[in-house]
Structures are given as structure tokens and as C-alpha cells.
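Spelled out from the first residue to the last, the chains are:
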Amino acid sequence: MDSCASLIAEHPHRLPPLHAASSRRRTLAIGLIGPGRVGSVLLSQLRSAQERLARESGLELKLCGVAASRRMWLDCDDPELNAQHDAQTWRPTDLDQFATYVRGDDQRHAMLIDCSASDAVASQYPYWLASGLHVVTPNKLASSGPLSRWQSIRAASSHGGRFRYEATVCAGLPVVQTLRDLLDTGDQLLSVEGMFSGTLAWLCCQYDGTRPFSELVREAHALGYTEPDPRDDLSGMDVARKLVILAREAGWPLSLQDVAVQSLVPPELAELPLEEFMERLDELDAVMSQPLAAAQAVDGVLRHVASLDRDGRAQVGLQALPSPHPFAHTRLTDNIVQFRTLRYSDNPMLVQGPGAGPEVTAAGVFADLLRIAESLEVRA
Ligand SMILES: NC(=O)C1=CN([C@@H]2O[C@H](COP(=O)(O)OP(=O)(O)OC[C@H]3O[C@@H](n4cnc5c(N)ncnc54)[C@H](O)[C@@H]3O)[C@@H](O)[C@H]2O)C=CC1
Ligand SMILES: N[C@@H](CC=O)C(=O)O
């Protein structure tokens, strides 16, 4: 009897780990782009888990660098210089240099994690993936941006590094993977309906007329629920992006311009610099009092709802829902996603839970990192 078999015979209720950590020892070099609200929480989560992952699953996470919009930090690139002049450890951000540094030699597994909301960063993914770098991101711009770029990313990831983006839709909730599993097992998507914005879910739950809407938006921003520019949430564009991501996952070639979006941002505030928009937020109060009064008049609740079907119809906007409606009972930042498929046609599949905030989003990104790490071969 080998040692595993004898262990099972002696302790039938305590199965040994499938892969002993020592025989699965892998190193994953990591570069993080965008150390903002989500990125900095992710850094803490990675640091807290580093020792446990090395011990329990043989996975060594090696954080090699962090790049913000203007400055980047590369670890150990010039130890002598770094020791002499601390300031030299920071240098102006250069994403090519950053990616090359994290990539290292061909022998190591390496990953870039994009926690920015930058289109310029997203446009680098096809090159990074083609060079063998893995990419993980909560940034929605790559998966919902130009279809041709999305197709290049898919093509590059089928031959090069792996690409995961679970946190782009409903933060830490398993939405993209759930859809993937349905499709991969032969099901067909008929439609998706739900509440896809943590910010708007939270605002709709809080807003009852006792506090101005603008004050609540400021609070949602401070809590880290909103996009860096809250107009991305209020305009419905953030939700439209999530619909596009799910549609493309299902193989439907949807683009943002195909989505009918109701914006809550008055046209005169839409193009202002962010700072000025935040100063004039109270102009939203009059805009929002009307739909609230309409919902209250029919004894309903205000909810931000989106839907998508296989004929390419996609819409996003506020609705006054009657209180027995399943979407009326959500709490705080709860998102709810209802998949109607061939198998789940009479009674749709639901995924529900908190859909915004740095902690849950960072955890969604971290889980993507671990999924990729599980598939890495052991290299000497
Ligand atoms: N906050 C949330 O609940 C969720 C956020 N997300 C996504 O996560 C991403 C990050 O969101 P937050 O952390 O809230 O934003 P944030 O504004 O707090 O952080 C963004 C970071 O990206 C950096 N950055 C911007 N342009 C850059 C560039 N060109 N190169 C390098 N770094 C750059 C900024 O310096 C900042 O550190 C966004 O794409 C957002 O859509 C996704 C799901 C939920
Ligand atoms: N701002 C977004 C964050 C997650 O995508 C939201 O509120 O849903």
C-alpha cells in the first residue's frame, strides 16, 4: 500500500490533500496597476494570504511592482541605488517597462493585475497576453470596449497568457463564471435581467426623501462603491458595460451603442470636470425627487434595473417596482442577476449579494488570480 492509501485506510474520514504543497511549488510574479481603493485592498489581501498559500498549496506570490498613473515602483531593480537613494525606487510610469520587468525571463509565470479604470491600460492587454503574461482585472473597459479589441484579447488569450475578469460584473459575485459554466455544459442563454449597480442599488435603498440624493451620492463615493467618476454609475454606463460583458460572454456581439440607457445625469453636468461635477451634485436632487414621488404614489420602490435578451435588446434604467417584486427586497449594495436559459426557463437561476465595495471586489480579483494559479504547471 502506498503512503496515501495507508493514510486513507487509517483515517477514512480525513482525506489527504490532492496535491502535496511541496510537489506543487509554483512561483507567480505579480505586477499591480492602479493602487487605488480596490488595488490597495487587494495588496493587503495578497500580503495576508501569502504565507498560507505557500504553506498549504505551494503557491509563492512574488509582488514585483506597483504602477500608479504617474509613478511606478519596481522591486529590487537596482538594489544598490535603491539603498542609497530611496526616491530612486520610484520612477515615472512606463507600462512597457513595467510589463517587461514583471514578465522577467521566460521561465517564470507572471501576471499583471489591472485595478485602474483606464482605457490606455486596457488597450495593452492583447500585447501582454500575447507575450505570455496572464491578466486579471476588475476594469470593465477591455471587455465592454470596441468589439475588435475584445476579439484581439480573446485571440491572444487563447494562445498566450490567461485572461480573467470576474469582478467586472457585480464585483465579487460569481456571475461571469456562472454564465460560463452554463454555456460550457451545453445550456443556452435566453435572457438576463437584474440589478447590476451596487451604487444605484444602495442609493435606491437609502433614498426615501429624508436626505438629499446628492448627500447620499457623496457617501457612496466615500464608501468606495462608485466608479472613480460617479457619473459612470449615475449615467447607467457602468451597468450598460456589464450587460455588454455578459452578452459577449454568451457569444452575442453587443456593443455599448446597442444598449438603451436612461441617464440620471442632467446634460449640463455630463461634460464637466469631475471636481466641478462633485461641487454641483445638489443639482441632482430635483432630478431624483420626481421618480421617487412616482414610485411612492403607487406604493412601490425605486430600483435600477437592466435587461438583455438573445435578440440583442438591452436596456438600463430606473423602475418603480411593486413591493412583492423579487428585486424590491434587496438590501444595501445587493446586486441580483437572473439568468433565464433553456434549462432554467420556467424558474430562472438567481445570483444575489453585495455588488460593490473595495473588499468584495478585491476578493473577486484575488479568486481569479487563484484560478489561474491552479492551472500553472510546475517549473523548475
Ligand atoms: N469600487 C468597486 O466597488 C468596484 C470597482 N471596479 C473597478 O475597479 C477599478 C478600480 O476602481 P477603484 O479602486 O474604485 O478606483 P480608484 O480611482 O480608487 O483607483 C484607480 C487607480 O488607478 C490608477 N490609474 C489610473 N490610470 C492609470 C494608468 N494609466 N496607469 C496606472 N494606474 C492608473 C489611479 O492612480 C488609481 O490608483 C475600476 O476599473 C472599477 O470599475 C469593479 C467592481 C467594483
Ligand atoms: N461602481 C460599480 C462598482 C462595481 O462594478 C457599482 O456600483 O456597481
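What counts and what doesn't
Residues numbered from 1 in each chain as written. Chains lettered and ligands numbered in written order. Predicted model: local features only at pLDDT ≥ 70, side-chain atom pairs only at ≥ 80, totals over all residues. Helix = DSSP H or I, 4+ residues; strand = E, 2+ residues; numbered from the N terminus. Rg over C-alpha atoms; globule rule 2.2 N^0.38 Å. Contact = placed C-beta atoms within 7 Å. Near = placed C-beta within 6 Å. Nonpolar A, V, L, I, M, F, W, Y, C, P; charged D, E, K, R; others polar. Axes fitted to C-alpha atoms, helices over the stretch in contact; angles between N-to-C directions. Parallel < 35°, antiparallel > 145°, perpendicular 65-115°, else oblique. Left-handed = near helix turned anticlockwise from the far one by under 90°. Expected span 1.5 Å × (residues − 1). Buried ≥ 20, exposed ≤ 12 C-beta atoms within 10 Å, placed from the backbone. Arc of directions from axis to C-beta. UniProt positions renumbered as here; feature names shortened; annotations may be inferred. Pairing = 2+ DSSP bridges. Core = buried A, V, L, I, M, F, W, Y, C linked by C-beta atoms within 7 Å.

*Asks:* How do you make sense of the overall build of the chain when you look at a structure like this?
*Replies:* Assigned secondary structure in the chain consists of 17 helices and 13 strands. A compact globule built from 380 residues would reach a C-alpha radius of gyration of about 21 Å, and the chain, at 23 Å, matches this within 12%. Sequence-distant contacts, at least 24 apart, represent 69% of the contacts inside the chain between residues at least 6 apart.

*Asks:* Teacher, can you tell me more about the site of ligand 1 here?
*Replies:* Near ligand 1 there are 31 residues, and of these Gly34, Gly36, Val38, Ser116 and Pro228 occur at the shortest range. At three residues, helix α2 (residues 37-57) tops the list of elements feeding residues into the shell around ligand 1. A per-class count over the shell around ligand 1 returns 16 nonpolar, twelve polar and three charged.

*Asks:* Looking at this model, I keep getting lost on the packing of α2 against helix α17 (residues 358-374). Mind explaining?
*Replies:* A pair of packed helices is characterised by two quantities: the angle between their axes and the separation of those axes. Between α2 and α17, the shortest axis-to-axis distance is 8 Å and the interhelical angle comes to 60 degrees. For the element pair α2 / α17, the angle class is oblique. For the pair α2 and α17, the sense of crossing is right-handed. Of the residues in α17, those touching α2 at Arg37, Val38, Val41, Leu42, Gln45 and Leu46 are Pro358, Glu359, Thr361, Ala362, Ala363, Val365 and Phe366. The class makeup of the residues in the contact of α2 with α17 is nine nonpolar, two polar and two charged.

*Asks:* Any chance you could explain helix α8 (residues 147-159) here in plain terms?
*Replies:* In an α-helix, one turn spans 3.6 residues, which is why side chains three or four residues apart end up on the same side. Compared with an ideal rise of 1.5 Å per residue, which puts 13 residues at 18 Å, α8 spans 19 Å between its outermost C-alpha atoms and is within 8% of the ideal. Looking at α8, one finds that the buried residues are Trp150, Ile153 and Ala156. An end-on view of α8 places all buried positions within 125 degrees of arc, on one side of the element. With respect to the buried face of α8, the exposed residues turned more than 90 degrees away are Ser148, Ser158 and His159. Taken together, the buried residues of α8 touch α6 (125-130), α7 (141-144), β7 (163-164) and α13 (237-249).

*Asks:* Teacher, can you tell me more about the UniProt feature "domain: Homoserine dehydrogenase catalytic" (unreviewed entry) in the chain here?
*Replies:* As annotated in UniProt, the feature "domain: Homoserine dehydrogenase catalytic" (unreviewed entry) corresponds to residues 174-370 in the numbering used here. Helix makes up 42% of residues 174-370 and strand makes up 22%, while its end C-alpha atoms are separated by 14 Å.

*Asks:* Just checking my understanding: could you explain the sheet that holds strand β11 (residues 314-322) for this structure?
*Replies:* Sheet strands pair by backbone hydrogen bonding; their relative direction is either parallel or antiparallel. With mixed pairing, the six strands of this open sheet are ordered in space as β9-β11-β10-β8-β12-β13. The sheet is open, and its two borders are formed by β9 (259-261) and β13 (349-354), each paired with just one other strand. Averaged over all pairs of adjacent strands, the angle between strand axes in this sheet comes to 25 degrees, irrespective of strand direction. Relative to strand β12 (residues 334-341), strand β8 (residues 189-195) runs antiparallel, the two being bridged by six bridges. By the bridge assignment, Leu189 is partnered in β12 with Thr341.

*Asks:* Mind showing me how you'd approach unusual backbone geometry here?
*Replies:* Among all residues except glycine, the phi angle is most often negative; among peptide bonds, the trans geometry is most common. Backbone geometry at Ala171 places phi at a positive 55 degrees, although glycine is not the residue there. Structurally, Ala171 is set in the loop between β7 and α9 (176-184). Of the residues examined, Ala171 has 27 C-beta atoms within 10 Å and is grouped as buried.

*Asks:* Please explain the sheet that holds strand β1 (residues 26-33) as it appears in this structure.
*Replies:* Strand order in the open sheet formed by seven strands is β4-β3-β2-β1-β5-β6-β7, with mixed pairing between adjacent strands. The sheet is open, and its two edges are formed by β4 (90-92) and β7, each paired on a single side. Inspection of the sheet shows strand β6 (residues 134-136) paired to β7 by two bridges, in the parallel sense. For Val135, the partnering residue across the bridge sits in β7 and is Phe163. This element, helix α4 (residues 95-103), spans β1, β2 (59-67), β3 (71-74) and β5 (109-114) of the sheet and lies at about 165 degrees to β2.

*Asks:* I tried to follow the nonpolar core on my own but got confused; where do I start?
*Replies:* Nonpolar side chains tend to gather and get buried jointly when the protein is soluble and globular. Met111, Leu112, Ile113 and Leu243 are the most contacted members of the largest nonpolar core, which totals 95 residues. Each residue touching Met111, except ones within four places of it in the same chain, is listed here: Leu28, Ile30, Leu133, His134, Val136, Leu369 and Ile372.

*Asks:* Which parts of the structure should I look at to understand the pairing of β12?
*Replies:* Each regular strand carries side chains that alternate between the two faces of the sheet. Two strands pair when backbone bridges link them, and β12 and β13 are joined in this way by six bridges, in the antiparallel orientation. Among the inter-strand pairings, Asp334 is bridged to a residue of β13, identified as Pro354.

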